[in-house]
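Examining the three-dimensional arrangement
These are the residues of each chain, in order.
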Amino acid sequence: MAFLNDASIREALIRRLRSMSKTPRVVLEELRVHNGNAIADVVAINDFAHCYEIKGDNDSILRAVKQSHYYDLVFRRTTLVTTEKHLQRALLLVPTHWGLICARLRNQDVKLSYVRAARNNLGFDKKLAVMTLWKSEMVEVATPLNIKNANKLNREQLSEAIASNFSADDLVKSIGNSLTLRAGLNREISQHVGYM
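The next subject is the overall build of the chain. Helices and strands together make up the secondary structure of the chain, namely seven helices and six strands. Scaling as 2.2 N^0.38, a compact globule of 196 residues should have a C-alpha radius of gyration of about 16 Å, and the chain matches this with 18 Å. Oriented by its inertia axes, the alpha-carbon framework of the chain measures out at about 60 × 45 × 30 Å. Burial analysis of the chain (196 residues in total) assigns 46% to the buried set. Here the analysis covers contacts within the chain between residues at least 6 apart in sequence; of these, 56% occur between residues at least 24 apart. For the chain, the exposed surface amounts to about 10800 Å²; the carbon and sulfur share of it is 51%. Separation between the mean location of the 28 positive side-chain charges and that of the 20 negative ones in the chain comes to 2 Å.

As structure tokens, then:
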């Protein structure tokens, strides 16, 4: 019997996200959140960042449950992508506002099907969401606020100032824009390094 692992599910998920009618502006992998307390497997950014947590056959659903608190603080929406082996347990354990996608192996190909769509969570914390950004990105987001000496503030002070001056909707767009720019910069650097 073949097992579905993180890598094969991740590949199928990213392929699916990139083929959607509303293709994400960027798809990130392994994004550290909440000061490194959790690492989001895949994050798709459109108007906001949507976290996809992947649990293959040999992974623990309980780990996703433990990490759910951190994801809910920094992402408006989260979806668990798991296998038939874990599906029933996931339905019982993961937050009800999380989306669920079931991965199945059919003819050597990973097929993904929605069990339920993700909904906005109520635990979203603007200040902690801002902490997903690097300090330089925070300073850039804070530019329209005209904060005196913003670049001299620490990350905690910057995130507080930004969170208190942005609506949740505007903030998630600014965070999405910053992460999109970061991904583009990382692509440019890796392409440049490849030519050296």
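There is more to say after this.
Time to look at empty space enclosed by the protein. Taken as a whole and assessed by the stated rule, the structure comprises one cavity of 30 Å³ or more. Put simply, the largest cavity is a space of about 80 Å³. Around the largest cavity, the lining residues are Phe48, Ala49, Val74, Phe75, Arg76, Phe124, Ala129, Thr132, Val172, Ile175 and Leu179. Tallied by class, the residues present in the lining of the largest cavity amount to nine nonpolar, one polar and one charged.

What follows is about the layout of surface pockets. Taken as a whole, the largest pocket spans an internal volume of roughly 260 Å³. Along its surface, the largest pocket is lined by 15 residues, and Met20, Asn46, Phe48, His50 and Tyr52 are the ones closest to its centre. For the lining of the largest pocket, the elements supplying multiple residues, two or more each, are strand S3 (49-55) and strand S4 (77-83). Residue classes in the lining of the largest pocket are distributed as nine nonpolar, three polar and three charged.

So, about the pairing of S3. The element S3 is largely enclosed, with a buried count of seven among its seven residues. Both faces of S3 are covered, namely the face carrying Ala49, Cys51, Glu53 and Lys55 and the face carrying His50, Tyr52 and Ile54. Here strand S2 (residues 38-45) runs beside S3; their pairing, made up of four bridges, is antiparallel. The residue of S3 that forms the bridge with Ala44 is His50. Sheet analysis places S3 next to S4, joined by six bridges and oriented parallel. From the neighbouring strand, Lys55 faces S4, where its bridge partner is Thr82.

Below, the discussion takes up the confidence of the model for the chain. With 93% of its residues at a pLDDT of 70 or more, the chain has an overall mean of 89. Between the elements of the chain, mean pLDDT differs from a low of 73, seen in helix H7 (residues 168-195), to a high of 96, seen in S4. Throughout residues 188-196 the model reports pLDDT below 50, and contacts reaching past four residues in sequence, or to other chains, amount to zero contacts.

Turning to the pairing of strand S1 (residues 26-33), a few remarks are in order. As paired elements, S1 and S2 share seven bridges and run antiparallel to each other. Bridging from a neighbouring strand, Glu29 pairs with Val42 of S2.

Ordered by their spatial adjacency, six strands build an open sheet running S1-S2-S3-S4-S5-S6, and the pairing between neighbours is mixed. One side of each edge strand has no neighbouring strand; the edge strands of this open sheet are S1 and strand S6 (109-116). Strand after strand, the sheet turns through a mean of 30° between neighbouring axes, direction not considered. For strand S5 (residues 99-106) and S6, the ladder comprises seven bridges, and the chain directions are antiparallel. Pairing of Arg106 across the sheet is with Asp109, part of S6. Sitting on the sheet, helix H1 (residues 6-19) touches S1, S2, S3, S4, S5 and S6, and the angle it makes with S6 is about 70°.

Reading guide: rules and limits
Residues numbered from 1 in each chain as written. Predicted model: local features only at pLDDT ≥ 70, side-chain atom pairs only at ≥ 80, totals over all residues. Heavy atoms only, no water. Helix = DSSP H or I, 4+ residues; strand = E, 2+ residues; numbered from the N terminus. Rg over C-alpha atoms; globule rule 2.2 N^0.38 Å. Buried < 20%, exposed > 50% of the residue type's maximum accessible area, 1.4 Å probe, protein only. Contact = heavy atoms within 4.5 Å. Areas by Shrake-Rupley, 256 points an atom, 1.4 Å probe, with all protein chains shown as cover. Lys, Arg positive; Asp, Glu negative; His and termini not counted. Charge placed at Lys NZ, Arg CZ, Asp CG, Glu CD. 1 Å grid on protein atoms, 1.4 Å probe; cavity = no way out; pocket = protein on both sides within 12 Å on 5 of 7 lines; lining within 4 Å. Points joined across faces, edges and corners; volume = space filled by probe spheres on them. Nonpolar A, V, L, I, M, F, W, Y, C, P; charged D, E, K, R; others polar. Pairing = 2+ DSSP bridges. pLDDT = per-residue confidence, 0-100. Axes fitted to C-alpha atoms, helices over the stretch in contact; angles between N-to-C directions.

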